[in-house]
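Okay, here's what each chain looks like letter by letter:
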Amino acid sequence: CDRDNSRIERSNYDGSERESLITTTQPYFLDLDLANEKIYWGDYGGGNIFRANLADGKNVENVVSGLVQTRGVKIDPSGGYLYWCDRNASTVQRRSISGGQIEDLYTNLDTPHGMTLDIPAGKIYWCDTGTNNLGGTGAMAVNRGDMDGTGPQEVLANASEPWDITLDNRFATYTEWVARRFRKDAPIS
């Protein structure tokens, strides 16, 4: 996403064949749905989430609107949900890809910003920059919760304004696997 030039670009891994795929107002955070050949992205200040054809950038659709400030857009195509942070609404939310009501998964946050999904483990991770100074839970930290919002919010690591997160899904030991897949306070057996 090139927010300041209002376009989404792509290239080969080595940087060759760089091209603009989509021209859109201030794109910010994106995710790819490779199974359905779609690209999803939020807009920096408009409170929307869009999708288009991944191959050619055509058929742009506004799939979620009315948000305050969209951040950290992620897709779970097999589970059928679209996830995001609404930065200034202080929430992590989701909605079915096919439509319907928006669900608040984690609320009373400070400034949730970047996120990622651990789909096999059913976990969602997000960063909270803490820059709104609201005193919300998990501010200035990396947080984790269940993708359906039923489990507790866990503060995993305090940091100074973390903005985004990605996961290294490799692990070498059972203890590492347990730490990844279960609640931080769950007993290891």
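Residues numbered from 1 in each chain as written. Predicted model: local features only at pLDDT ≥ 70, side-chain atom pairs only at ≥ 80, totals over all residues. Heavy atoms only, no water.

Student: Pulling in residues and values, what's your account of the overall build of the chain?
Tutor: Along its length, the chain carries one helix and 14 strands. What you see for the chain is a C-alpha radius of gyration of 17 Å, in line with the 16 Å of a compact globule of 189 residues. Taking the principal axes of its C-alpha atoms as reference, the chain extends roughly 50 × 40 × 35 Å. Looking at the chain alone, contacts between residues at least 24 apart form 37% of all its contacts between residues at least 6 apart. Counting only carbon and sulfur atoms, one obtains 47% of the accessible surface of the chain, whose full area is about 9700 Å². (Helix = DSSP H or I, 4+ residues; strand = E, 2+ residues; numbered from the N terminus. Rg over C-alpha atoms; globule rule 2.2 N^0.38 Å. Contact = heavy atoms within 4.5 Å. Areas by Shrake-Rupley, 256 points an atom, 1.4 Å probe, with all protein chains shown as cover.)

Student: Run through the packing of aromatic side chains, naming residues and quoting values.
Tutor: Scanning all chains against the criterion turns up five aromatic pairs. Judged by centre distance (5.0 Å) and plane angle (85 degrees), the rings of Tyr28 and Phe29 are edge-to-face. Each member of the pair, Tyr28 as well as Phe29, carries the same accessibility label: buried. Arranged with centres 5.0 Å apart and planes meeting at 85 degrees, the rings of Tyr28 and Tyr44 form a pair that is edge-to-face. Here Tyr28 is found in strand β3 (residues 27–33), whereas its partner Tyr44 is found in the loop between β4 (38–43) and β5 (49–53), with 16 residues between them in sequence. For Tyr44, a relative accessible area of 26% gives the class partly exposed. (Phe/Tyr/Trp six-rings, centres within 6.5 Å; stacked < 30°, edge-to-face > 60°. Buried < 20%, exposed > 50% of the residue type's maximum accessible area, 1.4 Å probe, protein only.)

Student: Any details on the sheet that holds strand β14 (residues 154–158)? Residues and values, ideally.
Tutor: Ordered in space as β11-β12-β13-β14, the four strands form an open sheet in which the pairing is antiparallel. This sheet does not close on itself; its edge strands, each paired only once, are β11 (112–118) and β14. When the angles between neighbouring strand axes are averaged without regard to direction, this sheet yields 25 degrees. Two elements, β11 and strand β12 (residues 123–128), share five bridges in a ladder whose sense is antiparallel. Bridging across to β12, Pro112 finds its partner in Asp128. (Pairing = 2+ DSSP bridges. Axes fitted to C-alpha atoms, helices over the stretch in contact; angles between N-to-C directions.)

Student: Break down the sheet that holds strand β10 (residues 103–106) for me, with residues and values.
Tutor: In space, the four strands of this open sheet follow the order β7-β8-β9-β10, with antiparallel pairing throughout. A strand with exactly one partner marks an edge of an open sheet, and here the two such strands are β7 (70–76) and β10. For this sheet the average axis-to-axis angle between neighbouring strands, irrespective of direction, equals 25 degrees. Pairing of strand β8 (residues 81–86) with strand β9 (residues 91–96) involves six bridges; the strand directions are antiparallel.

Student: Explain the side chain of Lys74 residue by residue, including any values.
Tutor: Here Lys74 is to be found in strand β7. One buried charged residue, Lys74, remains without a salt bridge, the closest side chain of opposite sign being Asp31 at 4.2 Å. With near-sequence residues (within four places) excluded, Lys74 lies in contact with Leu30, Asp31, Tyr81, Leu82, Tyr83, Met115, Thr116 and Leu117. (Lys, Arg positive; Asp, Glu negative; His and termini not counted. Salt bridge = Lys/Arg side-chain N within 4 Å of Asp/Glu carboxyl O.)

Student: So what's going on with the pattern of salt bridges? Which residues, and what values?
Tutor: Overall, the coordinates contain nine salt bridges when judged by the stated rule. Taking the shortest distance from any N to any O, the salt bridge between Arg10 and Glu19 comes out at 2.7 Å. Assessed through its relative accessible area of 36%, Glu19 is described here as partly exposed. The network of salt bridges with common partners includes Asp2, Arg7, Glu9 and Arg18.

Student: With reference to specific residues and values, describe the side chain of His113.
Tutor: The residue His113 is located in strand β11 in this model. At a separation of 3.4 Å, a polar atom in the side chain of His113 contacts the side chain of Arg71. With residues near it in sequence (within four places) discarded, His113 still touches Tyr28, Phe29, Arg71, Gly72, Cys85, Arg87, Cys127, Thr129 and Trp163. (Polar contact = N/O pair within 3.5 Å; in protein donor to acceptor, adjacent residues only side chain to side chain.)

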